[in-house]
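Secondary and tertiary structure notes
The chain contents come next:
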Amino acid sequence: MIEELRAELDLLRRTHAESKPSARLHVIRQRLARADAEIGSSRLVTIVSAVEGLARSLLVHAPGRPPASAHFRYQQVRLKNPVDLVDEVFRLYAAKSAPQQLGEDTWNLFELATKFSNLVVHECTHLGQDKYLSLTSASERVLEELVEVAGLLRVVTPAAA
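In short, a report on the structure. Quick caveat, the model's predicted, so the values are computed rather than measured.

1. Comments concerning the packing of helix α3 (residues 40–60) against helix α8 (residues 129–150)
Packing of α3 against α8 leaves a shortest axis separation of 9 Å and a crossing angle of 20°. As far as their axial angle goes, α8 and α3 are roughly parallel. For the element pair α3 and α8, the recorded crossing hand is left-handed. From α3, Gly 40, Ser 41, Arg 43, Leu 44, Ile 47, Val 48, Ala 50, Val 51, Leu 54, Ala 55 and Leu 58 reach across to α8, where they touch Gln 129, Tyr 132, Leu 135, Thr 136, Ser 139, Glu 140, Val 142, Leu 143, Leu 146, Val 147 and Ala 150. Across the contact of α3 with α8, the residue classes tally to 15 nonpolar, five polar and two charged.

2. Thoughts on the nonpolar core
Counting residues in each nonpolar core, the largest one holds 30 residues, and the members touching the most others are Leu 54, Val 86 and Leu 146. Elements represented by at least two residues in this core include exactly α2 (21–34), α3, α4 (70–77), α5 (82–93), α6 (98–102), α7 (104–123) and α8. Take this core: its biggest share by element is eight residues, from α3. Apart from the residues lying within four places of it in its own chain, the contact partners of Val 86 are Val 51, Ala 55, Ala 98, Trp 107, Phe 110, Val 142 and Leu 146. Of all hydrophobic cores here, the second largest spans six residues; its members include Val 48, Ala 113, Leu 127 and Tyr 132.

3. Re the environment of Thr 15
Here Thr 15 is to be found in helix α1 (residues 2–18). Taking C-alpha positions, Thr 15 is 9.2 Å from His 71, a pair spaced 56 residues apart along the chain. Only 2.8 Å separates the side chain of Thr 15 from the backbone oxygen of Leu 11, close enough to count as a polar contact.

4. Some details on α7
With 20 residues, α7 should cover 28 Å at 1.5 Å per step; its first-to-last C-alpha distance of 28 Å lies within 8% of that length. Within α7, the full set of buried residues consists of Thr 106, Trp 107, Phe 110, Ala 113, Thr 114, Ser 117 and Val 120. Projected down its long axis, α7 shows its buried positions confined to an angular sector of 140°, all on one face. When the buried face of α7 is taken as reference, the exposed residues oriented beyond 90 degrees from it are Asp 105, Lys 115, His 122 and Glu 123. Residues of α7 that are buried in the fold lie against α3, α5, α6 and α8. Following α7 by one or two positions, Cys 124 has its phi on the positive side, about 50°.

About the criteria used
Residues numbered from 1 in each chain as written. Predicted model: local features only at pLDDT ≥ 70, side-chain atom pairs only at ≥ 80, totals over all residues. Heavy atoms only, no water. Axes fitted to C-alpha atoms, helices over the stretch in contact; angles between N-to-C directions. Helix = DSSP H or I, 4+ residues; strand = E, 2+ residues; numbered from the N terminus. Parallel < 35°, antiparallel > 145°, perpendicular 65-115°, else oblique. Left-handed = near helix turned anticlockwise from the far one by under 90°. Contact = heavy atoms within 4.5 Å. Nonpolar A, V, L, I, M, F, W, Y, C, P; charged D, E, K, R; others polar. Core = buried A, V, L, I, M, F, W, Y, C linked by side-chain atoms within 4.5 Å. Buried < 20%, exposed > 50% of the residue type's maximum accessible area, 1.4 Å probe, protein only. Polar contact = N/O pair within 3.5 Å; in protein donor to acceptor, adjacent residues only side chain to side chain. Expected span 1.5 Å × (residues − 1). Arc of directions from axis to C-beta.

If you want it as structure tokens, here you go:
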């Protein structure tokens, strides 16, 4: 059982490393559509994770990088935090820093969203309900801006149609 789970973990990592950003975005949109009913801490963790996953994929599959080296590049960025990943994507794709691309307020809120998301996950806690809207909205804005700068077509999910 343990070896099967380890093998599954390795397979999922390889799959994510090899998946193009458009495929990752499709899965992210499906996950977010299913998570529409989530509120508060669950929604925050989901949207921050979505940003992180897409940003990582965009770095691994940046233009001019050979597909055969995707797994190696994935290992290079696998443990980077979402803030660093997003900032690197904007510098690579838009030639601007994230605060310049998003605006200071959105960027600062996203940085806080990642910290709160980590706190929620690692300390098994929650925030006051009044805090989530601004944090999740900023994170959603970051996700959509990543889609825009990378030139990915918006994938319409059944919930959004």
